[in-house]
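Residue-level structural notes
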Amino acid sequence: MKQVGEARDGAESLCPPIDLVGEPDWQPFDAPALVGASLRFVSGEPDGNRYRVRYYRDAHQQLQARVWFGPETEGPPGHAHGGSMAAVMDEVLGLAAWAAGHAIVVGNLNVSFRTLLPLETVVTVESAVVSAQGRKVLVEGRIRQGDTVYVEAQCLCITLPDQSPASRQDAR
Ligand SMILES: CC(C)(COP(=O)(O)OP(=O)(O)OC[C@H]1O[C@@H](n2cnc3c(N)ncnc32)[C@H](O)[C@@H]1OP(=O)(O)O)[C@@H](O)C(=O)NCCC(=O)NCCS
Ligand SMILES: CCCCCCCCCCCCCC(=O)O
């Protein structure tokens, strides 16, 4: 049986363009300008069949993302793999800490899968930096569409010495 995104000869064809527009009061956020181009695993293929991601800052300066889970994120038939959703939370919540001025890596990520996420759905990934004490920065987030919550996550980020976002930008 022909799968979504698969051409007749078996080769993968690209899914059509997806609308990842943000809310009217969101501003586009340039992640590579802040952290470099290393974040390719989740957001590196804007026209691919895995994820398509666009980042924004909302009116409160919190990082938000519109994410399309493509056919290559499949886990349970027709639905996103749990690891694919965890990877999105890892990147978005870690990036949210960087966007708030904390040079971190993720130390702990706690993910609750609440609802099966159908493939080829555009969702919103919300984030909020809820505390920063010493080296520990706590970020919370969720994947939702409308009133449906697919995933909730808490992310403990640990700051790294000598890696402030400002110093990384100055070094370019
Ligand atoms: C996170 C990391 C930098 C912490 O190592 P470290 O710099 O030696 O720091 P420490 O182990 O002293 O931890 C610093 C504090 O964070 C806490 N912490 C670190 N990792 C934690 C975790 N996974 N869960 C809970 N607390 C953690 C420590 O308990 C410590 O708290 P304290 O100051 O109250 O005692 C290191 O474990 C690491 O590099 N891990 C890999 C990160 C990674 O690969 N992330 C995915 C890519 S971003
Ligand atoms: C090693 C220090 C340089 C780090 C450069 C940017 C890192 C951005 C991290 C954003 C979160 C990524 C999550 C992850 O990789 O698991």
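These figures come from a predicted structure and were not determined experimentally. (Residues numbered from 1 in each chain as written. Chains lettered and ligands numbered in written order. Predicted model: local features only at pLDDT ≥ 70, side-chain atom pairs only at ≥ 80, totals over all residues. Heavy atoms only, no water.)

Before going further, it helps to spend a moment on the overall build of the chain. Each helix and strand counted, the chain has 3 helices and 7 strands in total. Reading the helices (α) and strands (β) of the chain from amino to carboxyl end gives β-α-β-β-α-β-β-β-β-α. Compactness check: the chain gives a C-alpha radius of gyration of 16 Å against a globular reference of 16 Å for 172 residues, within 12% of the reference. In terms of overall dimensions, the chain has C-alpha extents of about 55 × 35 × 30 Å along its principal axes. Counting the 172 residues in the chain, one finds 39% classified as buried. Put simply, 65% of the contacts in the chain that link residues at least 6 apart link residues at least 24 apart. In the structure as shown, the chain presents an accessible area of about 9,200 Å², 51% of it carried by carbon and sulfur atoms. In the chain, the 15 positive side-chain charges and the 21 negative ones have mean positions that sit 3 Å from each other. (Helix = DSSP H or I, 4+ residues; strand = E, 2+ residues; numbered from the N terminus. Rg over C-alpha atoms; globule rule 2.2 N^0.38 Å. Buried < 20%, exposed > 50% of the residue type's maximum accessible area, 1.4 Å probe, protein only. Contact = heavy atoms within 4.5 Å. Areas by Shrake-Rupley, 256 points an atom, 1.4 Å probe, with all protein chains shown as cover. Lys, Arg positive; Asp, Glu negative; His and termini not counted. Charge placed at Lys NZ, Arg CZ, Asp CG, Glu CD.)

All residues adjacent to ligand 1 are V105, V106, G107, N108, R135, K136, L156 and I158. One of the backbone nitrogen or oxygen atoms of V106 is found 2.9 Å away from a nitrogen atom of ligand 1. At 2.8 Å, a backbone N or O of G107 approaches a nitrogen atom of ligand 1. Protein chains bury 37% of the 940 Å² of accessible surface belonging to ligand 1 in isolation. (Near = heavy atom within 4 Å. Polar contact = N/O pair within 3.5 Å; in protein donor to acceptor, adjacent residues only side chain to side chain.)

This part takes up the side chain of E91. Its location among the elements puts E91 in helix 2 (residues 82–99). Buried charge without a partner: E91 forms no salt bridge, and the closest opposite charge is R50, 8.7 Å away. Residues in contact with E91, not counting those within four places in the same chain, are L39, V42, S43 and Y55. (Salt bridge = Lys/Arg side-chain N within 4 Å of Asp/Glu carboxyl O.)

This part covers the UniProt feature "domain: Thioesterase" (unreviewed entry) in the chain. When the UniProt feature table is mapped onto this chain, "domain: Thioesterase" (unreviewed entry) is found at residues 78–149. Annotated as 25% helix and 49% strand, the span residues 78–149 places its first and last C-alpha atoms 18 Å apart. (UniProt positions renumbered as here; feature names shortened; annotations may be inferred.)

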